[in-house]
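Summary of structural features
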Amino acid sequence: MATNTVAEMATSILKRQAMASGDANIGSAKAPSNSASSVVSTLAPVALYALVWAILFIVLRRPFKRYYQPRTFLGSLRPEQRTPKLSDSLFGWIRGFYNIEDTYVLQHHSIDAYLFLRFLKIAIVCCIVGCLITWPVLFPVFATGGAGKSQLDIITFSNQSNLWTYFAPCGCAMLFFGFIIYMITRESVFYINLRQAYLMAPMYASRISSRTVLFTSVPEQYMNQQKLATVLGHGVRRMWFTSETKELEDKVEDRDKAAFKLEAAETKLIVTANKQRLKEEKKGQRSASDEEAAIGEGSGSAAARYLKPKQRPTHRLKPLIGKKVDTIDWCRSELKRLVPEVDTMQASEKAGHGKQGRSVFVEFETLSEAQAAYQSLTHHQALHMAPRFIGMNPNEIIWSNLRIKWWELVVRKLATTAFVVALIIFWSIPVAAVGAISNINKLETTSGFTWLKYIFDPIPPAIMGVITGLLPVILLAVLMALLPIILRAMARFSGDPTRSAVELSVQNSYFAFQVIQVFLVATLGSAASSVGGQIAQNPASAISVLANNLPQASTFYLSYFLLQGLGVVASLLVGLAGLVIFMLLGKLLDKTPRKMYKRWISLSNLGWGTVFPVYTNLFVIGICYAAIAPLVLGFAAIGLSFFYFAYRYNLLFVSNAQVDTKGRVYPRALQQVFVGLYIAEMCLIGLFAIGVADSIGALGPLILMILMLIFTALYQVSLNAALSPLIDYLPKTIDAEERRLLSMENGANGHDYDGVPDKEGGFSKGHAANGLASKKKPNFFSKWLRPDIHQDYETMRQWVPKDIAISYTREQEDNAYFNPAITQVTPLLWIPRDATGISQQEVRDTKPVIPITDDGAYLDDKGKIVWDSEDGRPPIYEEVPYY
């Protein structure tokens, strides 16, 4: 999120700089170029900035391990989720970091994280190959084009006076675009094989979610276990019918709110009383023997030895005007009422006495039976018992969206789509309004805005400097931070039933925003600003002038990749603001052991819906400028390499995955790369068409590029028709193939149903499984050209975790897909133990009402709360099942 905000701000700033520099050239098509000086002026401060932040990272990563290396030791992570520790020396860690393979992320983090790193690597490889294709041919052709350009513009498309040379960029573009198309195909095949191996691996195949299908918009007559079982056939193991739990959810919220309020109040009482004790001891007013004698006195007397009644925690029942009450007494009385009420309502819901909703979760005996139900057309009427979902983690479900009726879902989808389209198209308006603030002085002299001087002229210059300088930056940051929040809110409102579905929806909408606003608007704005005066003087020259100047907008992206690759990546690694906030907020806000523990175990999370589009768009930009300004490809490769390094470190040592799309973000990103091909081809068609007016030499390249555009469209349609079913579903033959391989590994009777082994053996990464004959190691080109053979299902299953099978208690199985309000138990309160015995008394007084403990946390000699963060397993620790 923060990285995306910085990136968008950088785009806006560079865009304004490009416009400003372009305006200086208005009036002459052959005005001196400042492209090289612009890039150098960007590189110098950004490189210095990046160097400073790199030094900070190297220095800070050792003392602040919780912030820079939490995945190596946090007790809340399972052993299989942790990353090996690196050297604590300043530079020794680099070797260890380099030696960890990317597949470690796949096995110990998530498939989404691994595929994101792979996407960055594929983008880098494509950019490098593009450089090898275009640079040897186009640099000499453009440099000797004779159109009078200078500096970096001399190696762009606009520096061609002999239009017969258009065959060079046309040929290079067709070769490079063909390579991109092949890479998209190859990676799609790779993903299919990896996904199949991942879904059939014991770590996933033994999960309840792998065997559970969600049916939405179920007609009332089929919200019946017997009728639904008849429709779905044999293999149904368990059903969870959704119900209207709004009243119960409110009750559970009130219970938990009162419980945590009581926990905070009792903690405050203990801390305040002990601070008062320390003050008295310091003044010599109380001895240790007095203290020991006081322990064990009657109820309410422990804290009363140090605090007056008015010093006990209190609150008002209503803000400002409400009655002031003793917080501890009030919370206990509330919990005496709420806890039994919630227990009764939960038992009623579990018994099926609640008002039914319109969705049902169905668990099947085997993964293959679940897949068969998921792939089947269930109802004879349109939009009934659809859409269907499989593999949902209960923690990702948006329960409120399961109440939506089919017709309401249609209306919501239409409304949110229209809103998002309008938002993307008109996003420039609020950004322009923010930008106008920085030009208030000019606006005051503009007709229609002269009234502004009466508002701003009386303001002192120092304050005006803040308004025109700092305020626009802050407002732009707020705008850019709000966009992902708005897009996610729209996805939720549209009816997406899971957080992973929300991320996939956001991936589409945010990519559209990136392409339109970050790429196209910035490109057109930069080019148009430098030619506006010429077009105004001679409208007939509009086409030729735009053709000559559009490639010069590439200077903006040379600076953009520099800023992204050095500046943003450095701040992404260091995250200094996050470190300060982490430490500062912890001291200011974490007043209970629970809050301290929650902050300690909470890892930063990547929202794939807003992460993938940013770098997909960077790749798209590189593709679009490949034949127009091929130098951009080199800068893109460098920038993406820095991002790969930064995200590789963060995924291995810092961040965690809270949303699991099962890798679905990857093929969607690959499909979005086609957008870059279409834009690039249409740009070249436009440039060649402009050239045809001056020379017949441009006709051949025009025809060839039109044919290339048609081929790309037809190929994408054919590719999707062939591969989409394999991306969406698991084929039946995979189950048979898994059984065959397991038989070879463990013997014919060495596995249970559905491809989950009874006995799992360890395996060594990169080697054939036990009992399987090793394939002949292919050479690089064979492996690259035939992923269907050399990276097939049998090979991919060696990449995924094989030695972890999931098991559940009976209670975990029965409660898996109930609404959390139905299964959420009364929370265990956790307060710190103190030397005076106040915590022990609070435990005795509160325990009859709600569970409470003072184990695992205590007050030190200075009265500060301490808990065993090294162990990471306090009394309130709950291991989340692998659903």
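Residues numbered from 1 in each chain as written. Predicted model: local features only at pLDDT ≥ 70, side-chain atom pairs only at ≥ 80, totals over all residues. Heavy atoms only, no water.

Focus: a nonpolar patch on the surface
Taken together, Trp 164, Phe 167, Ile 696, Leu 699, Ile 703, Leu 704, Ile 706, Leu 707, Ile 710 and Leu 714 make up a surface patch of nonpolar side chains, about 920 Å² in accessible area. When residues in the nonpolar patch are grouped by element, the largest group, seven residues, is from helix α28 (residues 699-728). Tracing the sequence through the fold places Phe 167 in helix α7 (residues 167-200). (Patch = residues over 30% accessible without salt bridge, like charges linked within 9 Å, V, L, I, M, F, W, Y side chains within 5 Å. Areas by Shrake-Rupley, 256 points an atom, 1.4 Å probe, with all protein chains shown as cover. Salt bridge = Lys/Arg side-chain N within 4 Å of Asp/Glu carboxyl O. Helix = DSSP H or I, 4+ residues; strand = E, 2+ residues; numbered from the N terminus.)

Comments concerning the environment of Asn 193
Its place among the elements puts Asn 193 in helix α7. Exposure remark for Asn 193: the relative accessible area of 11% places this residue in the buried category. Placed 533 residues apart in sequence, Asn 193 and Leu 726 show a C-alpha to C-alpha distance of 9.2 Å. Sequence-distant contacts of Asn 193, defined by excluding residues within four places in its chain, comprise Pro 787, Asp 788, Gln 791, Asp 792, Tyr 793 and Met 796. (Buried < 20%, exposed > 50% of the residue type's maximum accessible area, 1.4 Å probe, protein only. Contact = heavy atoms within 4.5 Å.)

Regarding the packing of helix α6 (residues 111-143) against helix α27 (residues 665-692)
Direction vectors running N to C along α6 and α27 enclose 25°, while the axes themselves pass 9 Å from each other. It follows that α6 is roughly parallel to α27 by the angle criterion. For the pair α6 and α27, contact is made by Asp 112, Leu 115, Arg 118, Phe 119 and Ile 122 and by Val 665, Tyr 666, Ala 669, Leu 670 and Val 673, respectively. (Axes fitted to C-alpha atoms, helices over the stretch in contact; angles between N-to-C directions. Parallel < 35°, antiparallel > 145°, perpendicular 65-115°, else oblique.)

A look at the pairing of strand β1 (residues 212-215)
Burial along β1 is two-sided: Thr 212 and Leu 214 and Val 213 and Phe 215, pointing in opposite directions, are all buried. Pairing geometry for β1 and strand β5 (residues 356-364), over four bridges, is antiparallel. Within the sheet, the bridge partner assigned to Val 213 lies in β5 and is Val 362. Here β1 runs beside strand β6 (residues 388-390); their pairing, made up of three bridges, is antiparallel. Each bridged residue has a counterpart across the sheet, and for Phe 215 the counterpart in β6 is Arg 388. (Pairing = 2+ DSSP bridges.)

Some remarks on the sheet that holds β6
Read from one edge of the open sheet, four strands run β2-β5-β1-β6, paired in antiparallel fashion. Because the sheet does not close on itself, it has two edges, and the strands there are β2 (236-243) and β6. Here the strands of the sheet are splayed against their neighbours by 20° on average, with no regard to which way each runs. The sheet strands contacting helix α14 (residues 367-375) are β1, β5 and β6, and the helix crosses β6 at an angle near 160°.

A short note on a positive patch on the surface
Taken together, Lys 275, Lys 279, Lys 283, Lys 587, Lys 591, Lys 862 and Lys 864 make up a surface patch of like positive charges. Along the chain, Lys 591 falls in the loop between α23 (576-589) and α24 (593-601). (Lys, Arg positive; Asp, Glu negative; His and termini not counted. Charge placed at Lys NZ, Arg CZ, Asp CG, Glu CD.)

Comments concerning the packing of aromatic side chains
Taken as a whole and judged by the stated rule, the model has 51 aromatic pairs. Seen in terms of ring centroids, Tyr 649 and Phe 653 are 5.0 Å apart; in terms of plane orientation they differ by 35°. Their pairing is tilted. Here Phe 653 and Tyr 649 lie together in helix α26 (residues 631-653), a separation of four residues that amounts to about one turn. Neither residue differs from the other here; Tyr 649 and Phe 653 are each classed as buried. Members of the aromatic cluster, connected to one another through ring pairs, are Phe 116, Phe 119, Tyr 191, Trp 608, Phe 612, Tyr 615, Phe 619, Phe 643, Tyr 647 and Tyr 666. For the cation-ring pair, Arg 66 lies above Trp 600, with the distance from its terminal atom to the ring centre recorded as 5.7 Å. The lysine or arginine in question, Arg 648, covers the ring of Phe 97, its NZ or CZ lying 4.9 Å from the ring centre. (Phe/Tyr/Trp six-rings, centres within 6.5 Å; stacked < 30°, edge-to-face > 60°. Lys NZ or Arg CZ within 6 Å of the ring centre and 35° of its normal.)

Nothing here speaks to function; it is geometry throughout.
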